[in-house]
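Notes for the structure review
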Amino acid sequence: RPPVLYPIDHHLAKILEREVVIAGIAAGPAAFEVSWFNGDEPEFPSEWPNGHRFGDSYALRATVIPLRGVEVQVSYADVASPEQRQGAGVTQDKWSASVRLERSLAGRAAYGLAEWVRTTEAGGAFVFNGQLLEGAMTLGPVRPYLRLEHTDRPEEPRSGDVFRTPRPLLDNSLLGITRWSMVTLGSTVTVLTAGRHLSVAPFIEGAVADVRTISGTFDVVGWYGSHTLLSLSAGVRVDWGMPGQRMGRYGTGTGSGKDAMNGMAGSAE
(Lines give C-alpha, C1' and ligand atoms only; values in the text may rest on other atoms or scores of the structure.)
Protein backbone atom coordinates (compact mmCIF):
# COMPACT_ATOMS: atom_id res chain seq x y z
CA ARG A 1 0.00 0.00 0.00
CA PRO A 2 1.32 3.47 -0.74
CA PRO A 3 1.67 4.91 2.80
CA VAL A 4 4.55 3.73 4.96
CA LEU A 5 2.60 4.09 8.23
CA TYR A 6 0.55 1.02 9.09
CA PRO A 7 -3.19 1.81 9.11
CA ILE A 8 -4.76 2.44 12.52
CA ASP A 9 -7.56 -0.04 11.70
CA HIS A 10 -5.19 -3.01 11.32
CA HIS A 11 -6.47 -4.53 14.60
CA LEU A 12 -10.00 -4.48 13.15
CA ALA A 13 -9.44 -5.24 9.46
CA LYS A 14 -6.85 -8.04 9.40
CA ILE A 15 -6.25 -11.42 11.01
CA LEU A 16 -2.60 -12.42 10.70
CA GLU A 17 -0.08 -14.95 12.05
CA ARG A 18 -2.33 -18.00 12.28
CA GLU A 19 -2.32 -21.59 11.08
CA VAL A 20 -4.98 -21.49 8.37
CA VAL A 21 -6.78 -23.74 5.91
CA ILE A 22 -8.75 -22.01 3.14
CA ALA A 23 -11.29 -23.49 0.75
CA GLY A 24 -13.01 -21.55 -1.99
CA ILE A 25 -15.10 -21.67 -5.11
CA ALA A 26 -15.05 -19.16 -7.98
CA ALA A 27 -17.46 -18.58 -10.85
CA GLY A 28 -16.60 -15.87 -13.33
CA PRO A 29 -16.01 -12.59 -11.51
CA ALA A 30 -17.24 -13.88 -8.13
CA ALA A 31 -15.70 -16.04 -5.44
CA PHE A 32 -16.61 -17.36 -1.99
CA GLU A 33 -14.08 -18.54 0.58
CA VAL A 34 -14.17 -20.12 4.02
CA SER A 35 -11.17 -20.28 6.35
CA TRP A 36 -10.47 -22.22 9.54
CA PHE A 37 -7.70 -21.15 11.91
CA ASN A 38 -6.59 -20.84 15.53
CA GLY A 39 -7.88 -17.77 17.35
CA ASP A 40 -4.81 -16.96 19.44
CA GLU A 41 -2.35 -14.22 18.49
CA PRO A 42 1.38 -14.68 19.16
CA GLU A 43 2.49 -12.99 22.37
CA PHE A 44 6.02 -12.31 21.07
CA PRO A 45 7.61 -12.34 17.57
CA SER A 46 9.18 -15.81 17.68
CA GLU A 47 6.11 -17.60 19.09
CA TRP A 48 4.35 -20.17 16.89
CA PRO A 49 0.54 -20.51 16.69
CA ASN A 50 -1.09 -22.62 19.38
CA GLY A 51 -1.64 -25.81 17.36
CA HIS A 52 -4.18 -27.47 19.65
CA ARG A 53 -6.54 -24.53 19.07
CA PHE A 54 -6.62 -24.93 15.30
CA GLY A 55 -10.18 -24.75 13.96
CA ASP A 56 -11.73 -22.89 16.91
CA SER A 57 -12.19 -19.82 14.66
CA TYR A 58 -13.44 -19.29 11.12
CA ALA A 59 -13.93 -16.60 8.48
CA LEU A 60 -16.15 -16.19 5.42
CA ARG A 61 -15.44 -13.92 2.47
CA ALA A 62 -17.32 -13.06 -0.74
CA THR A 63 -15.49 -11.22 -3.51
CA VAL A 64 -16.75 -9.78 -6.79
CA ILE A 65 -14.77 -8.09 -9.58
CA PRO A 66 -17.50 -6.25 -11.54
CA LEU A 67 -15.00 -4.41 -13.76
CA ARG A 68 -11.37 -4.92 -14.61
CA GLY A 69 -9.31 -3.36 -11.84
CA VAL A 70 -12.26 -3.01 -9.42
CA GLU A 71 -12.74 -5.41 -6.50
CA VAL A 72 -15.55 -5.54 -3.93
CA GLN A 73 -15.38 -7.80 -0.88
CA VAL A 74 -17.41 -8.49 2.25
CA SER A 75 -16.13 -10.74 5.02
CA TYR A 76 -17.03 -11.98 8.48
CA ALA A 77 -14.88 -13.70 11.10
CA ASP A 78 -15.61 -15.40 14.41
CA VAL A 79 -12.34 -15.28 16.36
CA ALA A 80 -12.19 -17.22 19.62
CA SER A 81 -10.13 -15.75 22.47
CA PRO A 82 -7.54 -13.79 20.46
CA GLU A 83 -6.19 -12.07 23.58
CA GLN A 84 -5.85 -15.20 25.75
CA ARG A 85 -3.58 -17.85 24.26
CA GLN A 86 -5.05 -20.84 26.09
CA GLY A 87 -8.59 -20.05 24.93
CA ALA A 88 -10.19 -18.65 28.08
CA GLY A 89 -10.82 -15.16 26.66
CA VAL A 90 -13.84 -13.58 24.99
CA THR A 91 -14.79 -14.01 21.34
CA GLN A 92 -14.48 -11.29 18.69
CA ASP A 93 -16.95 -10.91 15.81
CA LYS A 94 -15.41 -9.03 12.90
CA TRP A 95 -17.02 -7.52 9.79
CA SER A 96 -15.18 -5.97 6.87
CA ALA A 97 -16.29 -4.46 3.56
CA SER A 98 -14.11 -2.77 0.97
CA VAL A 99 -13.94 -1.50 -2.58
CA ARG A 100 -10.52 -1.49 -4.22
CA LEU A 101 -9.54 0.23 -7.47
CA GLU A 102 -6.38 -0.35 -9.46
CA ARG A 103 -6.59 0.72 -13.08
CA SER A 104 -5.68 3.43 -15.56
CA LEU A 105 -7.52 6.73 -15.25
CA ALA A 106 -6.92 9.41 -17.89
CA GLY A 107 -3.90 7.41 -19.02
CA ARG A 108 -2.32 7.31 -15.56
CA ALA A 109 -2.05 4.41 -13.10
CA ALA A 110 -4.45 4.97 -10.19
CA TYR A 111 -5.01 3.12 -6.92
CA GLY A 112 -7.84 3.57 -4.42
CA LEU A 113 -9.27 1.77 -1.40
CA ALA A 114 -12.42 2.46 0.62
CA GLU A 115 -12.77 0.27 3.71
CA TRP A 116 -15.31 -0.16 6.53
CA VAL A 117 -14.63 -2.44 9.50
CA ARG A 118 -16.38 -3.34 12.74
CA THR A 119 -15.35 -5.57 15.66
CA THR A 120 -17.46 -6.51 18.67
CA GLU A 121 -16.15 -8.28 21.77
CA ALA A 122 -17.88 -10.23 24.54
CA GLY A 123 -21.26 -10.25 22.83
CA GLY A 124 -21.26 -6.49 22.22
CA ALA A 125 -19.74 -5.28 25.50
CA PHE A 126 -17.07 -3.52 23.42
CA VAL A 127 -17.65 -2.20 19.89
CA PHE A 128 -14.97 -0.79 17.58
CA ASN A 129 -15.63 0.84 14.20
CA GLY A 130 -13.31 2.08 11.51
CA GLN A 131 -13.45 3.79 8.13
CA LEU A 132 -10.49 4.29 5.80
CA LEU A 133 -10.08 5.96 2.43
CA GLU A 134 -6.76 6.06 0.58
CA GLY A 135 -5.57 6.67 -2.94
CA ALA A 136 -2.55 7.30 -5.14
CA MET A 137 -1.91 8.53 -8.69
CA THR A 138 1.22 7.95 -10.76
CA LEU A 139 2.33 11.19 -12.44
CA GLY A 140 5.45 10.22 -14.33
CA PRO A 141 8.18 9.48 -11.76
CA VAL A 142 6.12 11.07 -8.95
CA ARG A 143 3.43 9.16 -7.07
CA PRO A 144 1.54 11.29 -4.50
CA TYR A 145 -0.83 9.55 -2.09
CA LEU A 146 -3.37 10.39 0.60
CA ARG A 147 -5.00 8.40 3.39
CA LEU A 148 -7.93 9.42 5.62
CA GLU A 149 -8.76 7.32 8.71
CA HIS A 150 -11.43 7.43 11.40
CA THR A 151 -10.92 4.44 13.69
CA ASP A 152 -11.73 3.29 17.23
CA ARG A 153 -8.86 1.79 19.18
CA PRO A 154 -8.85 -0.27 22.41
CA GLU A 155 -6.51 1.23 25.01
CA GLU A 156 -5.12 -1.61 27.07
CA PRO A 157 -3.08 -1.48 30.31
CA ARG A 158 0.60 -0.70 29.71
CA SER A 159 3.57 -2.57 31.13
CA GLY A 160 5.78 0.42 31.96
CA ASP A 161 6.20 1.34 28.27
CA VAL A 162 3.64 3.34 26.29
CA PHE A 163 4.17 0.95 23.35
CA ARG A 164 3.86 -2.36 25.27
CA THR A 165 0.89 -4.11 26.85
CA PRO A 166 0.98 -7.21 29.09
CA ARG A 167 0.08 -10.57 27.57
CA PRO A 168 -2.19 -12.30 28.21
CA LEU A 169 -4.74 -9.59 29.03
CA LEU A 170 -7.41 -10.06 31.65
CA ASP A 171 -10.97 -10.12 30.29
CA ASN A 172 -12.68 -6.70 30.12
CA SER A 173 -9.48 -4.94 31.20
CA LEU A 174 -9.60 -2.06 28.73
CA LEU A 175 -8.80 1.38 30.12
CA GLY A 176 -11.05 2.88 27.48
CA ILE A 177 -11.67 3.33 23.78
CA THR A 178 -10.09 6.14 21.78
CA ARG A 179 -11.11 7.46 18.37
CA TRP A 180 -8.30 8.34 15.98
CA SER A 181 -9.00 10.77 13.14
CA MET A 182 -5.87 10.80 10.99
CA VAL A 183 -4.67 12.31 7.71
CA THR A 184 -1.56 10.92 5.99
CA LEU A 185 -0.04 12.64 2.96
CA GLY A 186 3.11 11.64 1.10
CA SER A 187 4.81 10.98 -2.20
CA THR A 188 7.44 8.77 -3.76
CA VAL A 189 9.76 9.88 -6.57
CA THR A 190 11.31 7.16 -8.73
CA VAL A 191 14.89 8.22 -9.42
CA LEU A 192 16.31 5.00 -10.86
CA THR A 193 14.94 2.05 -12.81
CA ALA A 194 16.72 -0.82 -14.56
CA GLY A 195 14.55 -2.60 -17.07
CA ARG A 196 11.58 -4.18 -15.30
CA HIS A 197 13.64 -5.30 -12.32
CA LEU A 198 15.17 -2.53 -10.20
CA SER A 199 13.31 0.51 -8.89
CA VAL A 200 14.67 3.07 -6.42
CA ALA A 201 12.18 5.62 -5.09
CA PRO A 202 12.82 8.02 -2.18
CA PHE A 203 9.70 9.03 -0.25
CA ILE A 204 8.56 11.59 2.28
CA GLU A 205 5.39 11.25 4.34
CA GLY A 206 3.66 13.30 7.01
CA ALA A 207 0.68 12.49 9.21
CA VAL A 208 -1.44 14.29 11.79
CA ALA A 209 -3.85 12.51 14.14
CA ASP A 210 -6.50 13.82 16.53
CA VAL A 211 -7.07 11.34 19.39
CA ARG A 212 -10.06 11.52 21.73
CA THR A 213 -11.40 9.18 24.43
CA ILE A 214 -14.95 8.10 23.62
CA SER A 215 -15.45 5.71 26.56
CA GLY A 216 -13.64 4.66 29.73
CA THR A 217 -11.02 6.52 31.75
CA PHE A 218 -8.03 6.47 29.40
CA ASP A 219 -6.06 9.75 29.64
CA VAL A 220 -4.90 10.63 26.11
CA VAL A 221 -2.77 13.59 27.16
CA GLY A 222 -1.26 11.69 30.08
CA TRP A 223 -0.09 8.84 27.83
CA TYR A 224 0.62 10.54 24.51
CA GLY A 225 1.35 14.10 25.66
CA SER A 226 -1.30 15.74 23.48
CA HIS A 227 -4.56 15.17 21.65
CA THR A 228 -2.72 16.01 18.42
CA LEU A 229 0.02 13.61 17.28
CA LEU A 230 2.41 14.42 14.42
CA SER A 231 4.59 12.08 12.38
CA LEU A 232 7.18 12.65 9.67
CA SER A 233 8.84 9.78 7.78
CA ALA A 234 11.44 9.74 5.02
CA GLY A 235 13.37 6.96 3.36
CA VAL A 236 13.96 5.03 0.16
CA ARG A 237 11.91 2.19 -1.33
CA VAL A 238 14.02 -0.33 -3.26
CA ASP A 239 12.15 -2.93 -5.32
CA TRP A 240 13.56 -5.82 -7.34
CA GLY A 241 11.18 -7.42 -9.80
CA MET A 242 7.54 -7.08 -8.82
CA PRO A 243 6.93 -4.56 -5.99
CA GLY A 244 5.35 -7.24 -3.79
CA GLN A 245 2.21 -9.18 -3.01
CA ARG A 246 -0.91 -7.46 -1.83
CA MET A 247 -0.72 -6.67 1.85
CA GLY A 248 -3.30 -8.39 4.00
CA ARG A 249 -4.85 -10.52 1.26
CA TYR A 250 -4.35 -14.24 0.80
CA GLY A 251 -6.81 -16.88 -0.24
CA THR A 252 -8.00 -19.12 -3.07
CA GLY A 253 -10.51 -17.10 -5.06
CA THR A 254 -10.84 -14.13 -7.37
CA GLY A 255 -8.39 -11.38 -6.50
CA SER A 256 -5.89 -13.73 -4.84
CA GLY A 257 -2.56 -15.24 -5.79
CA LYS A 258 -0.85 -14.78 -9.15
CA ASP A 259 -3.82 -13.22 -10.94
CA ALA A 260 -4.08 -10.51 -8.29
CA MET A 261 -0.49 -9.48 -8.87
CA ASN A 262 -0.52 -9.06 -12.64
CA GLY A 263 -0.02 -5.46 -13.70
CA MET A 264 0.58 -4.22 -10.16
CA ALA A 265 3.98 -2.63 -10.82
CA GLY A 266 4.15 0.75 -9.12
CA SER A 267 0.88 0.33 -7.26
CA ALA A 268 1.04 -2.85 -5.22
CA GLU A 269 -1.00 -3.01 -2.04
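Residues numbered from 1 in each chain as written. Predicted model: local features only at pLDDT ≥ 70, side-chain atom pairs only at ≥ 80, totals over all residues. Heavy atoms only, no water.

In this model, S81 sits at a positive phi of 45 degrees, which is unusual for a non-glycine residue. The residue S81 is located in the loop between strand 4 (70-79) and strand 5 (92-105) in this model. For A122, which is not a glycine, the phi torsion comes out positive at approximately 55 degrees. Given the relative accessible area of 30%, A122 is considered partly exposed. (Helix = DSSP H or I, 4+ residues; strand = E, 2+ residues; numbered from the N terminus. Buried < 20%, exposed > 50% of the residue type's maximum accessible area, 1.4 Å probe, protein only.)

One recurring pattern in soluble globular proteins: nonpolar side chains tend to sit buried together. Counting 8 residues, the largest nonpolar core consists of I8, W180, M182, A207, A209, V211, F218 and V220. Listing elements by their share of this core, those giving two or more residues are strand 9 (176-189) and strand 11 (198-216). Per element, the largest residue contribution to this core is 3 residues, and it comes from strand 11. W180 has contacts with I8, E149, H150, T151, R153, E155, A209, D210, V211, Y224 and L229, leaving out every residue within four places of it along the chain. (Core = buried A, V, L, I, M, F, W, Y, C linked by side-chain atoms within 4.5 Å. Contact = heavy atoms within 4.5 Å.)

Mapped onto the secondary structure, E115 falls in strand 6 (residues 108-121). Comment: no salt bridge for buried E115; closest opposite-charge side chain is R1, at 4.5 Å. The residues touching E115, leaving out its near neighbours within four places in the chain, are R1, D9, A13, A97, S98, G130, Q131 and L132. (Lys, Arg positive; Asp, Glu negative; His and termini not counted. Salt bridge = Lys/Arg side-chain N within 4 Å of Asp/Glu carboxyl O.)

Secondary-structure assignment places Q73 in strand 4. In this structure the side chain of Q73 is engaged in a polar contact, spanning 3.1 Å, whose partner is the side chain of S96. (Polar contact = N/O pair within 3.5 Å; in protein donor to acceptor, adjacent residues only side chain to side chain.)

Applying the stated criterion across every chain yields a total of 5 aromatic pairs. Each residue in the set W180, F218, W223 and Y224 is aromatic and connected to the rest through ring pairs, giving one cluster. Geometry around F203 places R237 over its ring, the cationic atom sitting 5.9 Å from the centre. (Phe/Tyr/Trp six-rings, centres within 6.5 Å; stacked < 30°, edge-to-face > 60°. Lys NZ or Arg CZ within 6 Å of the ring centre and 35° of its normal.)

Once that is clear, we can look at the pattern of salt bridges. Where charged atoms from two side chains of opposite charge come close, those side chains can pair. Under the defined criterion, the tally for this structure stands at 9 salt bridges. For R85, the salt bridge identified is with D40, shortest N-O distance 3.0 Å. One end of the pair, R85, is in the loop between strand 4 and strand 5; the other, D40, is in the loop between strand 2 (30-37) and strand 3 (57-67), and 45 residues separate them in sequence. Judged on exposure class, the residue R85 and its partner D40 are both buried. Among the salt bridges present, the one from E134 reaches R147, with a minimum N-O distance of 2.7 Å. Here E134 is found in strand 7 (residues 126-137), whereas its partner R147 is found in strand 8 (residues 142-155), with 13 residues between them in sequence. For E134, a relative accessible area of 4% puts it in the buried group. Residues joined in a network through salt bridges with shared partners are R1, E134 and R147.

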